[in-house]
Amino acid sequence: MPRKCIVGGNWKCNPASQKEANALLDAWKKVCNTFDKEKVDVVICPPAIWMYDMKDRMQAMGMAASAQNVSKTGYGAFTGEWTAESLVDMEIAWTLIGHSE
């Protein structure tokens, strides 16, 4: 079985509002049928505040939502962190790790 290619986009802290993020996804609808989902995984990393809300819409278009970061620790008193267990619970299967600006 050949390996699948991965194409990803990290939105960082863009766009400025959830309304703009939804408009961006609507624009993706026009092109999401132009790639072969059997040959390529398309992964989008929206800002954390919108990730869960946008996940189902992305999946419906054949794309996956990804976290932009994951904590190296488990649950605990770690302000602003996402644990791998939390992402699994939210059915987020992808994350960026070890990246820098």
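The notes below deal with the structure included here.

Calculation notes
- Residues numbered from 1 in each chain as written.
- Predicted model: local features only at pLDDT ≥ 70, side-chain atom pairs only at ≥ 80, totals over all residues.
- Heavy atoms only, no water.
- Helix = DSSP H or I, 4+ residues; strand = E, 2+ residues; numbered from the N terminus.
- Rg over C-alpha atoms; globule rule 2.2 N^0.38 Å.
- Buried < 20%, exposed > 50% of the residue type's maximum accessible area, 1.4 Å probe, protein only.
- Contact = heavy atoms within 4.5 Å.
- Lys, Arg positive; Asp, Glu negative; His and termini not counted.
- Charge placed at Lys NZ, Arg CZ, Asp CG, Glu CD.
- Salt bridge = Lys/Arg side-chain N within 4 Å of Asp/Glu carboxyl O.
- Pairing = 2+ DSSP bridges.
- Right-handed = clockwise from strand over helix to strand, strands pointing away.

### Points about the overall build of the chain
Okay, so step 1: Along its length, the chain carries three helices and four strands.
Okay, so step 2: Seen in sequence order, the chain has helices and strands lined up from the N terminus as β-α-β-α-β-α-β.
Okay, so step 3: Computed over C-alpha atoms, the radius of gyration of the chain comes to 14 Å, within 12% of the 13 Å expected from 2.2 N^0.38 for 101 residues, which places it in the range of a compact globule.
Okay, so step 4: Counting only residues that meet the buried cut, the chain has 30% of its 101 residues in that class.
Okay, so step 5: Put simply, 66% of the contacts in the chain that link residues at least 6 apart link residues at least 24 apart.
Okay, so step 6: Between the averaged position of the 11 positive side-chain charges in the chain and that of its 12 negative side-chain charges there is a distance of 7 Å.

### Observations regarding the pattern of salt bridges
Okay, so step 1: Under the counting rule described, the total for this entry stands at five salt bridges.
Okay, so step 2: Asp56 is the salt-bridge partner of Lys55, the closest N and O atoms lying 3.2 Å from each other.
Okay, so step 3: With a shortest N-O distance of 3.5 Å, Lys55 and Glu91 are connected by a salt bridge. Taken as a pair, Lys55 in helix H2 (residues 48-60) and Glu91 in the loop between helix H3 (84-89) and strand E4 (94-95) lie far apart in primary sequence, 36 residues in all.
Okay, so step 4: Here Glu91 falls in the exposed class, since its relative accessible area comes to 57%.
Okay, so step 5: Each member of the salt-bridge network shares a partner with another, and the members are Asp26, Lys29 and Arg57.

### Thoughts on the pairing of strand E2 (residues 40-45)
Okay, so step 1: E2 sits mainly inside the fold: five of its six residues count as buried.
Okay, so step 2: Taken together, the six bridges between strand E1 (residues 5-10) and E2 define a ladder with parallel strand orientation. Within E2, the position partnered with Cys5 by the bridge is Val40.
Okay, so step 3: Regarding the hand of the β-α-β motif, the stretch spanning E1, helix H1 (residues 18-29) and E2 is right-handed.
Okay, so step 4: Of the strand pairs in this sheet, E2 and strand E3 (residues 63-67) are connected by three bridges, and their pairing is parallel.

### Some thoughts on the sheet that holds E4
Strands pair in a sheet through their backbones, by hydrogen bonds, and they do so in one of two ways: parallel or antiparallel.
Okay, so step 1: If you trace the four strands from one edge of the open sheet to the other, you get E1-E2-E3-E4, paired in parallel fashion. Only two strands of the sheet have a single neighbouring strand rather than two, namely E1 and E4.

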